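The lines below spell out each chain.
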Amino acid sequence: MTPRFKKLGIALMAAGLVFALVGGFTFLKTQEGAASLQAFSTAEDVSLSYNEAGQLVDRGKTEGADAIMSLLVNDWKYPVVAADLNPNDPIVNTASEYMYEMATVSYHTLHGTQTVVLDKNVDYNGKTYLAGTYQVEGAGRYFSQYDRLDPLDGPAREQAWSGTAHGLIASLGVGTVTASALQMGLGLAGLAVGFGGTMFLFGIGLIWASRLPEDKKVTEATKRPDVKLDPIKLPI
């Protein structure tokens, strides 16, 4: 059994080393991705706004930031990490910051007011819209919740949910996914290194356990079936 334990220990050590190397490689690649995301975020230069007390503000007011955070946490059910929102590092470069900025764009798009001008009277759905200027409230409506055939809703939807709004949301969404993937990469790297280290230690333990003390070696040798003892001859 002892040689088998020794071989098993060596195998565990080898497998543990492989896992540790994979974890180290994953960590290096994750760090490269993090550096790239940081460089992109710095070049993009999008920052969150804080007041002197370190509180998030929107257009100078904490109430606006609270409404945006409510949209993010209560409506979208996103688990914001408070540590990611750092007033000393306002550049948007973490998953929570990207999501908060996405919520900011969405909030103002959802609750903005659009100006629609009708050049002539329009009949739609049993109602007559007279020529003139109208203020159309977003009223918390997403793109699909407007009636695109309505003479007021149709133009208001194109103004509110413009290509710029969609482009910003898409870009911020990519940043969120990238930041989250990097966090998962770090977790996987730590898991691989930890698992590999554990296997390596178990392998060392098996090799150590397979070693017999000197007095045991003599006892074991006497039990071997290939050891033959000469019979004792007595004088007649």
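Above this note sits the structure.
Everything in this summary refers to the structure shown in the same document.

Conventions and cut-offs
- Residues numbered from 1 in each chain as written.
- Predicted model: local features only at pLDDT ≥ 70, side-chain atom pairs only at ≥ 80, totals over all residues.
- Heavy atoms only, no water.
- Salt bridge = Lys/Arg side-chain N within 4 Å of Asp/Glu carboxyl O.
- Helix = DSSP H or I, 4+ residues; strand = E, 2+ residues; numbered from the N terminus.
- Buried < 20%, exposed > 50% of the residue type's maximum accessible area, 1.4 Å probe, protein only.
- Phe/Tyr/Trp six-rings, centres within 6.5 Å; stacked < 30°, edge-to-face > 60°.
- Expected span 1.5 Å × (residues − 1).
- Contact = heavy atoms within 4.5 Å.

### A closer look at the pattern of salt bridges
- Under the definition given, this model contains three salt bridges.
- With its nearest N and O atoms 3.5 Å apart, the salt bridge here joins Lys29 to Glu32. Of this pair, Lys29 and Glu32 are both found in helix H1 (residues 2–44), three residues apart, which corresponds to roughly one turn of the helix.
- The exposure class of Glu32 is partly exposed, given its relative accessible area of 48%.
- Between Arg141 and Asp153 there is a salt bridge, with its nearest N and O atoms 2.8 Å apart. With Arg141 in the loop between strand E4 (132–137) and helix H4 (153–160) and Asp153 in helix H4, the pair connects residues that are 12 residues apart, well separated along the chain.
- Looking at Arg141, the relative accessible area reads 17%, which means it is buried.

### With respect to the packing of aromatic side chains
- Counted under the stated rule, the structure contains two aromatic pairs.
- Ring geometry for Phe19 and Phe195: centres 4.9 Å apart, planes at 85°, overall edge-to-face. Linking Phe19 in helix H1 with Phe195 in helix H5 (residues 163–210), this pair joins segments that are 176 residues apart in sequence.
- Of the residues examined, Phe19 reaches a relative accessible area of 37% and is grouped as partly exposed.
- On the basis of relative accessibility, which here comes to 44%, the residue Phe195 falls in the partly exposed class.
- Consider the rings of Tyr142 and Trp161, whose centres lie 6.0 Å apart with planes at 25°: the pair is stacked. Here the residue Tyr142 occupies a position in the loop between E4 and H4, and Trp161 occupies one in the loop between H4 and H5, the gap between them amounting to 19 residues.

### With respect to helix H2 (residues 62–75)
- Over its 14 residues, H2 extends 19 Å from the first C-alpha to the last, a length consistent with the 20 Å expected when each residue adds 1.5 Å.
- Within the sequence span of H2, burial applies to Gly64, Ala65, Ile68, Met69, Leu71 and Leu72.
- Looking at the packing, one finds that the buried side of H2 touches helix H3 (95–110).
- Following H2 by one or two positions, Lys77 adopts a phi angle in the positive range, close to 60°.

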